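Residue-level structure breakdown
Residue strings, one per chain:
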Amino acid sequence: MGIGSVKRPVRVAVVGVGVLGACVGWNLSRRGAEVVLIDGGQAGEGVTNWSFSWVNASNKTVCRSYFDLNVAGMAAHRELAGTIGPDSWWYPSGHLRWAGDPAAEAKLLAAVELLTGWGYRAEVCTGAEVRRRLEPAVTVPGDAAVVYYPDEGWVHGRHLVARLVRQAVASGAEHRFGVAVHDIGTGADGSVRDVALSDGSRLDVDIVVNAAGPGAARIAGLVARHLPMRREPGVVTRLDCVKVPVRRAMHAPGIELRPDGDTSVVLHSREVDALIDTGEDPAELARLLHESARHVVPELGDCPIAQTRVVNRPIPADGFPSVGAVPSVPGYYEAVSHSGITLGPVIGRLLAAEILSGERDELLADFRPERLSP
Ligand SMILES: Cc1cc2nc3c(=O)[nH]c(=O)nc-3n(C[C@H](O)[C@H](O)[C@H](O)COP(=O)(O)OP(=O)(O)OC[C@H]3O[C@@H](n4cnc5c(N)ncnc54)[C@H](O)[C@@H]3O)c2cc1C
C-alpha cells in the first residue's frame, strides 16, 4: 500500500485466533504484511480446542466444489507439515468407518463408490482385518465392512495454533490476547480504518479479517454486515488414559473417537449432539459418550472423563464457508467456516493471497461472502 512515494506494508487485524485466524495470520505475516493477532480469549482455546478435528473430504460429498475445497485442505495440511514441521499437531494416520446395520452399510459403500469415482482413496476391509492390521483394541464384528481412508488424519488444533502464532510472531506479528474487538471504525468512503479493543486502545489498520468463529456474526455487525449463521451445537468429551488404546480417528456406529496425544482420547457423536437442545446436563451427555465408546473399545471403560464442553459450530446459514472480501466494506474480509480444521491451511493461503495481491481463487468461487447477504 502506498503512502505518498513511500511503500509501507499493509496492516491487518486478524480478529479471532483459532485455526482459521492463525492460518490466515501466519500466511499474511510470512508474505510481509504487518499482522496483529487479536483474541478475546486465548489463541486456540475456542471451538478449535473442542473439535473432533478429523481432516477429511469423505464426509463432504454434498457438492463437488465443497469436496474439492476439502481435498485441497488435506493437501494444504501435508504442505504445512512440511513447512513448519509436523510435531505434536499433525497425525496423518488414516481414518476408519463402519456402519451398524445393513442399510447404513449400503449407504457407506455407495459413498465409497462415489468417492473412488472422484479419485479419492478408500479401501474396504473386514472387521477381522482391521483388528489384525490396524486397531487390535476395537470390537468391530469380524465380517463387518470397514472403510479405511488412508489419506485422512486428525489435527491437534491447539498445538497447531500455538505453532503458527509462534512463527508469525517470530516474523514480526504482534498479538493481543485476552482483549476483544468492540468496534471497527470506517472512513468517509466506508473502508476499514481502525479497530477498538476492550482494553480501551485503538489500532489503525488497513484490513480486518473476521475469523471470530461462533462470534463472527457479531464482528460482521460492527461493519453493518448481516452474516446469517446456523445454530448447531456440539459436545466433545476428553478421557484421561494411562495408555491410549487406539492409533487413529474412527467413526463407529453412534460414536466417533480418536487419540488426543499420548494420554487422552476425544469422543464425539452426532446422536448425542442431538440431545443438547433437550436441556440434558453436559455431564449426562459425557456419560452417554463414554458408554458408547466403551462398547467399541472396552479399555476406554477404565479411562475417566476429564473434560466436557458444549460449543457452537461456526456455520454460515447455508452450511458452507464464507471466505473473502465483502465488496461493500473495503478492507473487511471473512474467514468463517465449519470444517475449519480441515480447511484452515487452504483458506489461510488463499485468503492471504487475495488480501495481498487481489487474486480470487476459483476454489473459493462458491464460498464467497456476497452470496449470504447481497
Ligand atoms: C463438535 C464439533 C466437531 C467438529 N469436528 C470437526 C472435524 O472433525 N473436522 C473439521 O474439519 N472440523 C470440525 N469441526 C469444526 C471446526 O472445529 C471449526 O470449524 C473450527 O475449529 C473453527 O475455527 P475458528 O478459528 O473459526 O473458530 P475458533 O477456534 O472458535 O476461534 C475463534 C476465536 O475468535 C475469538 N473471538 C470471538 N469473538 C471475538 C472478539 N469480539 N474479539 C476478539 N476475539 C474474538 C474467540 O475467543 C476464539 O478464540 C467441529 C466442530 C465441533 C463443534
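The structure this text deals with has already been given above.
This section reports on the structure supplied with the text. The shown structure was predicted, so the numbers you read here are calculated from the model rather than taken from an experiment. (Residues numbered from 1 in each chain as written. Predicted model: local features only at pLDDT ≥ 70, side-chain atom pairs only at ≥ 80, totals over all residues. Heavy atoms only, no water.)

1. Things to note about the site of the ligand
Going by this rule: Here, proximity means that at least one heavy atom of the residue falls within 4 Å of the molecule or strand. Whenever a nitrogen or oxygen atom comes within 3.5 Å of another N or O atom, the pair is scored as a polar contact, on the condition that within protein one atom can donate a hydrogen and the other can accept it, and that pairs from neighbouring residues in sequence are kept only if both atoms are in side chains. Numbering of helices and strands starts at the N terminus; helices are DSSP runs of H or I of at least 4 residues and strands are runs of E of at least 2.
As a structural note, the neighbourhood of the ligand is formed by 38 residues, with Asp39, Thr48, Ser51, Ser337 and Gly340 the closest of them. Here Gly40 contributes a backbone N or O atom positioned 2.9 Å from a nitrogen atom of the ligand. Contact between the ligand and Gly340: an oxygen atom at 2.8 Å from a main-chain N or O atom of the residue. Elements with a contribution of two residues or more to the shell around the ligand: α1 (19-30), β4 (34-39), α6 (216-221), β17 (233-240) and α9 (340-357).

2. Remarks on empty space enclosed by the protein
Operational definition: Definitions used throughout: a 1 Å grid over protein atoms alone; a cavity as a set of points that fits a 1.4 Å probe which cannot get out; a pocket as an open set with protein on both sides within 12 Å along at least five of seven lines; a lining residue as one with an atom within 4 Å of a point. Grid points are joined across faces, edges and corners, and a volume is the space filled by probe spheres set on the points. Throughout this entry, Asp, Glu, Lys and Arg are counted as charged residues, while Ala, Val, Leu, Ile, Met, Phe, Trp, Tyr, Cys and Pro are counted as nonpolar. The remaining residues, Gly among them, count as polar.
Within this structure, the stated rule accounts for one cavity of 30 Å³ or more. Taken as a whole, the largest cavity spans an internal volume of roughly 50 Å³. What lines the largest cavity is Thr48, Asn49, Trp50, Ser51, Ser53, Val155, His156, Gly157, Arg158, Arg238, Arg258 and Asp260. The residue inventory of the lining of the largest cavity, partitioned by class, reads two nonpolar, six polar and four charged.

3. Examining the sheet that holds strand β13 (residues 192-197)
Under the convention used in this document: Following DSSP output, two strands are said to pair if at least two bridges run between them. Simply put, an axis is a line fit to the C-alpha atoms, just over the touching stretch for a helix, and the angle between two N-to-C directions goes from 0 to 180 degrees.
Across the sheet, which stays open at both edges, the three strands sit in the order β12-β13-β14 with antiparallel pairing between neighbours. Looking at the sheet topology across the chains shown, the edges are occupied by β12 (181-186) and β14 (202-204). Here the strands of the sheet are splayed against their neighbours by 25° on average, with no regard to which way each runs. Note: β12 against β13, five bridges, orientation antiparallel. Paired with Thr186 across the bridge in β13 is Val192.

4. What about the pattern of salt bridges?
Keep this limit in mind: Each salt bridge in this description consists of a side-chain nitrogen of Lys or Arg and a carboxyl oxygen of Asp or Glu lying within 4 Å of one another. Each residue is placed in one exposure class: buried if its accessible area under a 1.4 Å probe, protein chains only, is under 20% of its type's maximum, exposed if it is over 50%, and partly exposed if it falls in between.
Overall, the coordinates contain 21 salt bridges when judged by the stated rule. In this structure, the salt-bridge partner of Glu334 is Arg225, at a minimum N-O distance of 2.6 Å. One end of the pair, Glu334, is in strand β24 (residues 332-336); the other, Arg225, is in the loop between α6 and β16 (229-230), and 109 residues separate them in sequence. No difference in accessibility class separates Glu334 from Arg225, as the two residues are buried. Salt-bridge contacts for Asp318 lead to Arg371; the nearest nitrogen and oxygen are separated by 2.7 Å. Taken together, the residues span a long stretch of sequence, with Asp318 in the loop between β22 (315-316) and β23 (322-325) and Arg371 in the segment after α9 at a distance of 53 residues. Exposure remark for Asp318: the relative accessible area of 32% places this residue in the partly exposed category. Here Arg371 falls in the partly exposed class, since its relative accessible area comes to 29%. Beyond isolated ion pairs, a larger network of salt bridges with shared partners links Glu354, Arg360, Arg368 and Glu370.

5. Details of the nonpolar core
Selection criterion: Note on terminology: a nonpolar core comprises buried Ala, Val, Leu, Ile, Met, Phe, Trp, Tyr and Cys residues joined through side-chain atoms within 4.5 Å. Boundaries between domains were set according to an automatic or database domain assignment. We call two residues contacting when some pair of their heavy atoms lies within 4.5 Å.
Among the nonpolar cores identified, the biggest contains 60 residues, and Leu28 and Val209 are the most heavily contacted of them. Looking at which element gives the most residues to this core, the answer is helix α2 (residues 64-84), with nine residues. Among the domains, domain 1 (2-49 + 157-230 + 316-371) and domain 2 (95-149) are the pair contributing at least three residues each to this core. If we ignore the near neighbours within four places in the chain, the residues touching Val209 are Val12, Ala13, Val14, Val15, Val24, Tyr333, Ala335, Leu351 and Ile355. Of all hydrophobic cores here, the second largest spans 31 residues; its members include Trp98, Val138, Val235 and Met250.

6. Focus: unusual backbone geometry
One can expect most non-glycine residues to show negative phi and most peptide bonds to be in trans. Phi at Ser88 takes a positive value of approximately 70°, unusual for a residue other than glycine. Along the chain, Ser88 falls in the loop between α2 and β6 (90-91). Here Ser88 falls in the partly exposed class, since its relative accessible area comes to 34%. Notably, Ala224 is not glycine yet its phi reads approximately 60°, a positive angle.

7. Brief notes about the environment of Asp199
Note on placement: Asp199 falls in the loop between β13 and β14. Sequence-wise, Asp199 and Val181 are 18 residues apart; in three dimensions their C-alpha atoms are separated by 9.3 Å. With sequence-adjacent residues up to four places away left out, Asp199 is seen in contact with Arg176 and Val179.

8. Side note on the packing of aromatic side chains
For clarity, the cut-off: The rule is short: rings of Phe, Tyr and Trp, with Trp giving its six-membered ring, pair when the centres are within 6.5 Å, and they are stacked under 30 degrees, edge-to-face over 60, tilted in between. As a reminder, the over-ring test applies to NZ of lysine and CZ of arginine, requiring each to be within 6 Å of the ring centre and within 35 degrees of the ring normal.
Using the criterion set out here, one finds eight aromatic pairs in the structure. Between Tyr66 and Phe320 the ring centres are 5.1 Å apart and the planes differ by 80°, which places this aromatic pair in the edge-to-face class. Note that Tyr66 is positioned in helix α2 and Phe320 in the loop between β22 and β23, a separation of 254 residues in sequence. Aromatic rings pair up to connect Phe67, Trp118, Tyr120 and Tyr149 into one cluster. Above the plane of the ring of Trp50 lies Arg238, whose end atom (NZ or CZ) is 4.8 Å from the centre. Taking the ring centre of Phe52 as reference, the NZ or CZ of Arg258 above it sits at 6.0 Å.

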